[in-house]
Amino acid sequence: MATIMSCPSYRGRGHNYSAGGTDIVELRTPTAILRHGEGRLTVLRPGTDGERVLDVPIADLLKVRLNRRADDAVVIEIYLRYPTAVLTGVPADRTPLPVLIAEHDVPTALGIVDRINDQIMATQRTDIAAPDLTPPAPEWGKSGPVRADVDRAVRRMAPRKDARSAINALHRYVTSDEYVLETAIAIASPPAGSGTGLLAATTDRLLFIGIGGDRYAHELPVPAILGARTVESHAAPGEIDTRHGGSGMDVGDGNRTLHFAGVDRADIERVTCAVNFAVRRQAADGAPGPADPGVTQLYSEWELLVERHSLGMVDDTQFQRYGRGILRSL
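Predicted model, so just to flag it, every value in this text is computed and none were measured. (Residues numbered from 1 in each chain as written. Predicted model: local features only at pLDDT ≥ 70, side-chain atom pairs only at ≥ 80, totals over all residues. Heavy atoms only, no water.)

Caption draft 1: Here's a closer look at unusual backbone geometry. For the bond running from Pro190 to Pro191, omega is 10 degrees, close enough to zero to count as cis. The topology assignment puts Pro191 in the loop between β14 (180-188) and β15 (195-202). If you check the backbone angles, Glu38 has positive phi at about 55 degrees while not being a glycine. Residue placement: Glu38 occurs in the loop between β6 (33-37) and β7 (40-44). Although it is not a glycine, Asp72 adopts a positive phi angle of roughly 75 degrees. Its location among the elements puts Asp72 in the loop between β9 (61-68) and β10 (74-80). (Helix = DSSP H or I, 4+ residues; strand = E, 2+ residues; numbered from the N terminus.)

Right, dumping it as structure tokens:
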């Protein structure tokens, strides 16, 4: 006859005991003792020696289930995640280790199986810290307000002396409700204007601030954007710095497409990623957004990310961050 030591939620005769504040559940059958607690699952043979048949951390388990065999016997089947050998020396990769139980122990066994599977799922969850997008308070300098998020985005951008006036303007244009993600020097095409300017992707807007004689600014709210993509620049020869391998960005709102020719490929690709991030962030909050990508598109994005990482266009930190995002979308 089986005895159970468990949490109060389990039915039947039993006792509660814990080790280090962790409840331990133990099910005793004529053929085995199954024990779950402290992040491990242990199966012992009954007897004075207490021979351990299995003793593994929960993270090494694939699943545990209750099954009725063809001979009508009820068993708890334990599946291991990785190729390993139990203490008896028998390889058990995805091969269930059966623990025979009596019919009247089925309700108790169901509770134990659910408890173990819940912990298996908990060990598989990956907690990815969300970026802190709280807009920083501006500090006042000689040229006016200075925002830390603008400074960080500009430092990632290829330096350009004639962009100083546009950068100072960006410090003034950003609002207290938006966070600047990335910036790049680009050449706008109508209807977004014309000429060289500073392109800035924020959590709320895509901004283009002109550089040079005719100073102007163009903005496009993120909720109006369906998505952005990097394209090979179709600007006139010599219009951009071809030493960096010019590429551009197309931004679509469902009615028209705005094109920006990039001066630096890495900068324009970061802005493209930032625009799509802002669009998806809005979509997660209930605003209109693009449909989720299919497996083919995600695989293409993964291949492109791997290629850029191998070429040094994406550093290790960016590769891990973007790679986790793609894999979580599968």
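Caption draft 2: Summary view of the pairing of strand β19 (residues 247-252). The buried fraction of β19 amounts to 6 of the 6 residues, a majority that puts the element mostly inside the structure. Neither face of β19 is exposed, since Ser247, Met249 and Val251 on one face and Gly248, Asp250 and Gly252 on the opposite face are all buried. Hairpin connection, β19 to strand β20 (residues 257-262): the antiparallel pair is bridged by 4 residues, and Gly254 has positive phi, about 90 degrees. (Buried < 20%, exposed > 50% of the residue type's maximum accessible area, 1.4 Å probe, protein only. Pairing = 2+ DSSP bridges.)

Caption draft 3: Inspection of helix α1 (residues 106-124) at higher detail. For α1, spanning 19 residues, the distance from its first C-alpha to its last is 27 Å, which sits close to the expected 27 Å at 1.5 Å a residue. What α1 keeps buried is the set Val106, Thr108, Ala109, Gly111, Ile112, Val113, Arg115, Ile116 and Ile120. (Expected span 1.5 Å × (residues − 1).)

Caption draft 4: Examining the sheet that holds β14 more closely. An order of β17-β16-β15-β14-β20-β19-β18 is seen for the 7 strands of this open sheet, with the pairing classed as antiparallel. Two strands close off the open sheet at either side, each with one partner strand: β17 (217-221) and β18 (227-232). Ignoring strand direction, the axes of neighbouring strands in this sheet form an average angle of 30 degrees. Where β19 lies against β20, 5 bridges are found, and the strand directions are antiparallel. Residue Gly252 lies in a different strand from β20, and its bridge partner there is Thr257. Strands β14, β15, β16 (205-210) and β17 of the sheet are contacted by helix α3 (residues 164-173), whose axis makes an angle of about 140 degrees with β16. (Axes fitted to C-alpha atoms, helices over the stretch in contact; angles between N-to-C directions. Contact = heavy atoms within 4.5 Å.)

Caption draft 5: Just the pattern of salt bridges, in detail. Under the criterion given, the structure shown has 16 salt bridges. With a closest N to O distance of 2.9 Å, Arg68 and Glu103 form a salt bridge. With Arg68 in strand β9 and Glu103 in the loop between β11 (97-101) and α1, the pair connects residues that are 35 residues apart, well separated along the chain. Owing to a relative accessible area of 40%, Arg68 belongs among the partly exposed residues under this scheme. Two residues, Arg229 and Asp250, come together in a salt bridge whose shortest N-O distance is 3.8 Å. Placement of Arg229 in strand β18 and of Asp250 in strand β19 is noted, with a sequence separation of 21 residues between them. Given a relative accessible area of 12%, Asp250 falls into the buried group. (Salt bridge = Lys/Arg side-chain N within 4 Å of Asp/Glu carboxyl O.)

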